[in-house]
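Observations on the model geometry
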There are 2 protein chains.
Amino acid sequence: MIEKVIGIDIGGTTIKMALFDLTGLMLDQWHIATNLVNDGEEIPDEIIVSIKKRMAENNQSLDEVLGIGIGVPGPVTEEVVKRAVNLGWTDFPLKQLIENSLDIPVALVNDANAAALGELWKGSSKQIRNIVFVTIGTGVGGGIIVDGKIINGTHASGGEIGHIPVQAEEERICGCGNTNCLECYGSANGMVKTMNQLSNKTVVTNTKEIFDLLQAENPQAQKTLKITIDYLARAIAGIVNTLDPEEIVIGGGVSEAGSVFLEPLKESINDYAFPQIAGNFNLRKAVLGNQAGMYGAAYQVVNTLTKKGRE
Amino acid sequence: MIEKVIGIDIGGTTIKMALFDLTGLMLDQWHIATNLVNDGEEIPDEIIVSIKKRMAENNQSLDEVLGIGIGVPGPVTEEVVKRAVNLGWTDFPLKQLIENSLDIPVALVNDANAAALGELWKGSSKQIRNIVFVTIGTGVGGGIIVDGKIINGTHASGGEIGHIPVQAEEERICGCGNTNCLECYGSANGMVKTMNQLSNKTVVTNTKEIFDLLQAENPQAQKTLKITIDYLARAIAGIVNTLDPEEIVIGGGVSEAGSVFLEPLKESINDYAFPQIAGNFNLRKAVLGNQAGMYGAAYQVVNTLTKKGRE
């Protein structure tokens, strides 16, 4: 018998699932559509049915599955999903519903935190146990991993680094209700807004257009990049001076721009970092893309099993 | 036999030492002067002699001492003191020197981190395992504790929250070499500088004078308090949004001003904190004063012993 775990990443459109061995080798992957009817109440049953069907099709026994990790787009406690606006869930007992049906231990994890764990498990070298994961996409998210474990926080709000306050001359209202959070300036949306403000009209609608203009040495695009990176670098340097992690991992759509974005970001973090850290820290691009959530959800349950085994 | 540990806090003037039982009850305390001759080379021997003498005087056996924790004013690794400018140490093998002589396990810890651990051990309720400790004195220091353990960091720079970059109209050079670190504005020194700048002359030389002027409703003093707290609150909210700790503990000389300082600080952190955290976090004043370092150094070695016991 090969011991296995399942990692699930619930998104607003698709639920991605994969079967792993305990070392993180992906053995199988599949997906189903996210069923949003009845405030997402059908989702647990559809996950259960899909797992049973897939395992049967592959002649695999559920007895070999030691645990199921589930990444969710919202804050989670060990027991419930506190809130997942896109799915319609509030204090939703996802863990219990799946465990009761399949009799397999379930571990919940926030989706950004899952992506961070995925990068730790499969993207970083084995020795690394402490990373700061920053995802720069529509918003700015993060996952803080200390000694191999995610910091979920006292109010399930660990890693909410997109909401670090920044100082700006203007005021941008954040989706969270606060004003001038990092993600108002450091995200793809923030970058587009900055670019259009500097141009005094709507010249771009996405960051790809900004990076195209950068290649043409457009001055507004250059200034936009500089401003965006300065906000991100200050905030990341603040985190780095607080936690002094082994590795900073940058993911999300904007990171796909590659070195044109990551090189000046690293340089700028260097300028703001504590002297003992500056020049000595490791910053890399995330490597798992949209599979990171499945890997990390699986790792979350592997972590839980290891902990239980020790008790 | 009662199992005991010794906690030591090495300062630039005095070395404070105390004997504890494993629950953190202080059984005895004493101190010696810090001998700075020969780049602090005499210090280990003087600590050893002092411990032997004190134990003998009290008819106590060194066999009952399971470990010695030592707080040091500088970054430490598990093995050495990387640098302690005030003592003259660079890559100083303090642990080995004491262990070789007394044959008792030694654990090193940075002094701000020791103070944080002390507050966790004796200042917080037993259930609390995650705190952010901020010490606001001449400078701004900190200690980040996750799951009962200090984050010492990859470059022994964990908790260097005084060096979180802040945005300001002027430029103040920090002792670390960077410009506009939090402690340039949020420390006692920063506060005095701000007050004198607002007054266009030197009206105060310490924060006590500022707090006295505050009582007299001096407008510059009020503005100084507001500015200082805003810098601190932004940085602390950034940490809180990243780590979502169970408790924020404020220590250091400035915290002794009490509620006139701590109440507006808490309010301001509330304004900048992520909505799920705002209004729900716990902030308290440090309670151990200048004994925190001894408590925390002792706790560091208790932690080490427990870890070894589990292996």
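Along each chain, the written sequence defines residue order, and numbers are assigned to residues from 1. Chain letters start at A and ligand numbers start at 1, both assigned in the order the entries are written. Predicted model: local features are reported for residues with pLDDT of at least 70 only, side-chain atom pairs are reported and counted for 80 or more only, and whole-chain, interface and lining totals are derived from all residues. Only hydrogens and water are removed before side-chain values are computed, so all heavy atoms of the structure are retained for them.

An unreviewed UniProt entry annotates chain A as ROK family protein originating from Enterococcus hulanensis. UniProt positions are given in the numbering used here, feature names are shortened, and annotations may be inferred rather than shown by experiment. Its UniProt record gives chain A a comment under Sequence similarities (unreviewed entry), which states: "Belongs to the ROK (NagC/XylR) family."

1. Some points on the overall build of chain A
A helix here means a DSSP run of H or I that spans at least four residues, while a strand means a run of E at least two residues long, and both kinds are numbered starting from the N terminus. Assigned secondary structure in chain A consists of 10 helices and 12 strands. For 311 residues, the compact-globule estimate of 2.2 N^0.38 gives 19 Å, and the C-alpha radius of gyration of chain A, at 20 Å, lies within 12% of that figure. Considering only C-alpha atoms, chain A reaches an extent of 60 × 45 × 35 Å along its principal axes. A simple rule labels every residue: compare its accessible area, found with a 1.4 Å probe on the protein chains alone, to the largest value its type can have, and call it buried under 20%, exposed over 50%, or partly exposed in between. Sorting the 311 residues of chain A into buried and exposed places 55% on the buried side. The contact rule is simple, with two residues in contact once any of their heavy atoms fall within 4.5 Å. Considering only residue pairs separated by 6 or more positions, chain A has 59% of its internal contacts joining residues 24 or more positions apart. Only four residue types enter the tally: Lys and Arg on the positive side, Asp and Glu on the negative side, with His and both chain ends excluded. One atom stands in for each charge, and that atom is NZ of Lys, CZ of Arg, CG of Asp or CD of Glu. The centroid of the 25 positive side-chain charges in chain A is displaced by 3 Å from the centroid of its 37 negative side-chain charges. To get the radius of gyration, use the C-alpha atoms; to get the globule rule, take the number of residues to the power 0.38 and multiply by 2.2 Å.

2. Overview of the interface of chain A and chain B
Taken together, the contacts link 43 residues of chain A with 43 residues of chain B. When the buried surface of chain A facing chain B is broken down by residue, His155, Gln167 and Thr242 of chain A rank first, second and third, together holding 19% of it. For this analysis, a salt bridge means a side-chain nitrogen from Lys or Arg found within 4 Å of a carboxyl oxygen belonging to Asp or Glu. Where chain A touches chain B, the interface holds 2 salt bridges. Between lysine 149 of chain B and aspartate 147 of chain A there is a salt bridge whose closest N-O contact spans 3.6 Å. What qualifies as a polar contact is a pair of N or O atoms within 3.5 Å, subject to a donor-acceptor requirement within protein and to the restriction that residues adjacent in sequence count only when both atoms come from side chains. At the junction of chain A and chain B, the tally comes to 24 residue pairs in polar contact (both at pLDDT 80 or more). Elements with a minimum of two residues in the side of chain A that touches chain B: strand S9 (140–146), helix H8 (219–243) and helix H9 (259–272) of chain A. Of all the elements, H8 of chain A adds the most residues to the side of chain A that touches chain B, at 8 residues. For this classification, Asp, Glu, Lys and Arg are treated as charged, while Ala, Val, Leu, Ile, Met, Phe, Trp, Tyr, Cys and Pro are nonpolar and the rest, including Gly, are polar. Of the residues contributing to the side of chain A that touches chain B, the split by class is 19 nonpolar, 15 polar and 9 charged. A simple way to read buried area is as the amount of 1.4 Å-probe accessible surface that goes missing from two parts once joined, with both sides added.

3. Section: helix H8 (residues 219–243) of chain B
Residues and elements named next belong to chain B. Each residue after the first adds 1.5 Å to the expected span of a helix. Between its first and last C-alpha, H8 extends 36 Å over 25 residues, near the 36 Å set by a 1.5 Å rise per residue. The buried count for H8 comes to 18 of 25 residues, which makes it a mostly enclosed element. Where H8 begins, the side chain of asparagine 218 points an oxygen toward the backbone nitrogen of glutamine 220, at a separation of 2.9 Å. Just downstream of H8 lies aspartate 244, where phi reads positive at about 45 degrees.

4. A short note on unusual backbone geometry
All names here are of chain B. In the Ramachandran plot, asparagine 180 falls in the positive-phi region, its phi being about 55 degrees despite a non-glycine side chain. One can find asparagine 180 in the loop between strand S10 (149–150) and helix H5 (182–186). Given a relative accessible area of 8%, asparagine 180 falls into the buried group.

5. A few points about the pattern of salt bridges
Taken as a whole and assessed by the stated rule, the structure comprises 28 salt bridges over all chains. Here lysine 208 of chain A ties to aspartate 212 of chain A by a salt bridge, and the two come within 2.8 Å at their closest N and O atoms. One end of the pair, lysine 208 of chain A, and the other, aspartate 212 of chain A, are both in helix H7 (residues 207–215), 4 residues apart, so they sit about a helical turn from each other. Overall, lysine 208 of chain A belongs to the exposed group, its relative accessible area being 57%. Put simply, arginine 284 of chain B and glutamate 247 of chain B hold a salt bridge, and the shortest N to O gap is 3.1 Å. With arginine 284 of chain B in strand S12 (residues 283–285) and glutamate 247 of chain B in strand S11 (residues 247–251), this residue pair connects regions lying 37 residues apart in the sequence. Given the relative accessible area of 4%, glutamate 247 of chain B is considered buried. Bridged by salt links that share partners, the residues Glu119, Glu247 and Arg284 of chain A form one connected network.

6. A closer look at the relation of the copies chain A and chain B
To superpose the copies, least squares is applied to the C-alpha atoms of every residue with a pLDDT of at least 70 in both. Mapping chain A onto chain B calls for a rotation angle of 180 degrees and an axial translation of 0.0 Å; the resulting RMSD is 0.0 Å. Such a combination of turn and shift is consistent with a two-fold rotation axis. It is glutamine 167 of chain A whose C-alpha, among those of chain A, lies nearest the rotation axis, at 3.3 Å. Of all interface residues in chain A, 100% are interface residues in chain B too; the two copies therefore contact each other through one and the same surface.

7. Quick word on the sheet that holds S10 of chain B
All names here are of chain B. Spatially, S10-S9-S8-S11-S12 is the arrangement adopted by the 5 strands of the open sheet, whose pairing is mixed. Each end of this open sheet is capped by a strand with a single partner; those strands are S10 and S12. Sheet topology note: the strand S8 (residues 131–136)/strand S9 (residues 140–146) ladder contains 6 bridges and is antiparallel. The partner of valine 134 across the bridge, within S9, is glycine 142. Axes here mean lines fitted to C-alpha atoms, for a helix over just the part in contact, with angles spanning 0 to 180 degrees between N-to-C directions. In this fold H8 packs onto S8, S9 and S11, with an angle of close to 165 degrees to the strand it touches most, S8. One bridge is not enough; two strands pair if DSSP finds at least two bridges between them.

8. Examining the sheet that holds strand S1 (residues 4–10) of chain B
Residues and elements named next belong to chain B. Strand order across the open sheet formed by 5 strands is S3-S2-S1-S4-S7, with mixed pairing between neighbours. Each edge of the open sheet is held by one strand with a lone partner, namely strand S3 (26–33) and strand S7 (106–110). If you compare each strand with its neighbour and ignore which way they point, the axes differ by 20 degrees on average. Across 5 bridges, the pairing between strand S4 (residues 65–72) and S7 is parallel. Directly across from isoleucine 70, in S7, lies its bridge partner leucine 108.

9. What about the packing of aromatic side chains?
Here a pair means two rings of Phe, Tyr or Trp (six-membered ring of Trp) with centres within 6.5 Å. Their orientation is stacked below 30 degrees between planes, edge-to-face above 60, and tilted elsewhere. Within the structure shown, the criterion is met by 12 aromatic pairs over all chains. Look at tryptophan 89 of chain B and phenylalanine 92 of chain B: their rings are 4.2 Å apart centre to centre, the planes differ by 5 degrees, and that puts the pair in the stacked class. By the burial criterion, tryptophan 89 of chain B is buried, and phenylalanine 92 of chain B matches it. A connected cluster of aromatic rings, assembled from ring pairs, spans Phe20, Trp121, Tyr295 and Tyr299 of chain A. Put simply, a charge is over a ring when the Lys NZ or the Arg CZ is close to the ring centre, within 6 Å, and near the line of the ring normal, within 35 degrees. Across the ring face of phenylalanine 281 of chain A, the terminal group of lysine 266 of chain A is positioned such that the distance to the ring centre comes to 5.6 Å.

10. Looking at the packing of helix H6 (residues 188–199) of chain A against H8 of chain A
All names here are of chain A. Contact geometry of H6 with H8 gives a least axis separation of 9 Å together with a crossing angle of 135 degrees. In terms of axis orientation, H6 runs oblique to H8. The interaxial crossing formed by H6 with H8 has right-handed handedness. Judged by residue contacts, Met191, Thr194, Met195, Leu198 and Ser199 of H6 engage Gln220, Ala221, Lys223, Thr224, Leu225, Ile227 and Thr228 from H8. Any angle that falls under 35 degrees is termed roughly parallel, while one over 145 is termed roughly antiparallel, one within 65 to 115 roughly perpendicular, and all others oblique. For a crossing to be left-handed, the near helix must be turned anticlockwise from the far one by less than a right angle; the clockwise case is right-handed.

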